[in-house]
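Listed below are the residues making up each chain.
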Amino acid sequence: MMLLHLTGHALETELTARLAEIGLTPRARCVLSSALDAGRTQSEIADDVSIDKTTMVVTLDALEQAGYAERRPSPTDRRARVVVVTELGREITEKADQVVADVYESVLGSLPADEREGLVKGLTRLLEGRLGTPMPCEKPPRRRALRHAVG
């Protein structure tokens, strides 16, 4: 399990560094990707990308300040805000998606094809099965927080 942890940390670090080159963090990219053409509320997106409400507000503040997203009143719930990705936000999301694809291709490309397929299939099977539902835990390990939502 330590190998999975160390591998995940190395990949997260590389993605964070590469996305920083275009002015985004992994969290900001996830929020933008989840909001694209979806008409989803802040709460729905926060649930989808597994971030708390406070972090979502801070992330959206930064995305709005950068001109990547806007919060608009929900047409169905006057208490909720729908996140709309701007044209500039669409452009940066496309760049970010390409950065992520390039990193994944580079990382997986460093393995022989049969090992690459086996790794991805095995991890997918674990997440869809045995590790799909987190075990109840009084004090679960904290996820490392990213410091800034937008460069």
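Residues numbered from 1 in each chain as written. Predicted model: local features only at pLDDT ≥ 70, side-chain atom pairs only at ≥ 80, totals over all residues. Heavy atoms only, no water.

**Notes on the overall build of the protein**
Along its length, the protein carries six helices and two strands. In the protein, the succession of α and β elements from N to C terminus is α-α-α-α-β-β-α-α. Looking at the protein residue by residue over its 151 residues, the buried ones come to 27%. Within the protein, residue pairs in contact and separated by at least 24 positions form 58% of the contacts whose partners lie at least 6 positions apart. Summing over all exposed atoms, the protein offers an accessible surface of approximately 10700 Å²; the carbon and sulfur share of this is 55%. If you average the places of the 21 positive and of the 23 negative side-chain charges in the protein, the two averages end up 7 Å apart. (Helix = DSSP H or I, 4+ residues; strand = E, 2+ residues; numbered from the N terminus. Buried < 20%, exposed > 50% of the residue type's maximum accessible area, 1.4 Å probe, protein only. Contact = heavy atoms within 4.5 Å. Areas by Shrake-Rupley, 256 points an atom, 1.4 Å probe, with all protein chains shown as cover. Lys, Arg positive; Asp, Glu negative; His and termini not counted. Charge placed at Lys NZ, Arg CZ, Asp CG, Glu CD.)

**Let's talk about helix 2 (residues 26-35)**
Think of an α-helix as turning once every 3.6 residues; residues three or four places apart then point the same way. Taking burial as the measure, the 10 residues of helix 2 include seven buried ones, the bulk of the element. Regarding helix 2, the residues found buried are Pro26, Arg27, Ala28, Val31, Leu32, Ser34 and Ala35. Against the buried residues of helix 2 lie helix 1 (2-20), helix 3 (42-49), helix 4 (53-65), strand 1 (69-73), strand 2 (81-85) and helix 5 (87-109). Taken from the residues just after helix 2, Asp37 is the one with a positive phi, measuring 50°.

**A word on the nonpolar core**
Across soluble globular proteins, nonpolar side chains have a tendency to be buried as a group. Membership of the largest hydrophobic core comes to 23 residues, with the highest contact counts inside it found for Leu24, Val31, Leu32, Ile45, Met56 and Leu63. Going through the elements one at a time, helix 1, helix 2, helix 3, helix 4, strand 2 and helix 5 are the ones with two or more residues in this core. With near-sequence residues (within four places) excluded, Ile45 lies in contact with Val31, Ser34, Ala35, Arg40, Met56 and Val83. (Core = buried A, V, L, I, M, F, W, Y, C linked by side-chain atoms within 4.5 Å.)

**Description of the confidence of the model for the protein**
With 93% of its residues at a pLDDT of 70 or more, the protein shows a mean pLDDT of 89. When the criterion is pLDDT under 50, residues 145-151 qualifies, and its contacts beyond four places in sequence or with other chains add up to 22 contacts. (pLDDT = per-residue confidence, 0-100.)

**Some points on unusual backbone geometry**
If you check the backbone angles, Asp37 has positive phi at about 50° while not being a glycine. A positive phi is found at Ser50, a non-glycine position, where the angle reads about 60°. By the element assignment, Ser50 lies in the loop between helix 3 and helix 4.

**Some points on the pattern of salt bridges**
Opposite charge on two side chains allows them to pair when their charged atoms are near. Per the stated rule, a full pass over the model turns up eight salt bridges. The residue Asp77 makes a salt bridge to Arg79 at a minimum N-O spacing of 3.2 Å. Since its relative accessible area comes to 26%, Asp77 is described here as partly exposed. On the accessibility criterion, Arg79 (72% relative accessible area) is exposed. (Salt bridge = Lys/Arg side-chain N within 4 Å of Asp/Glu carboxyl O.)

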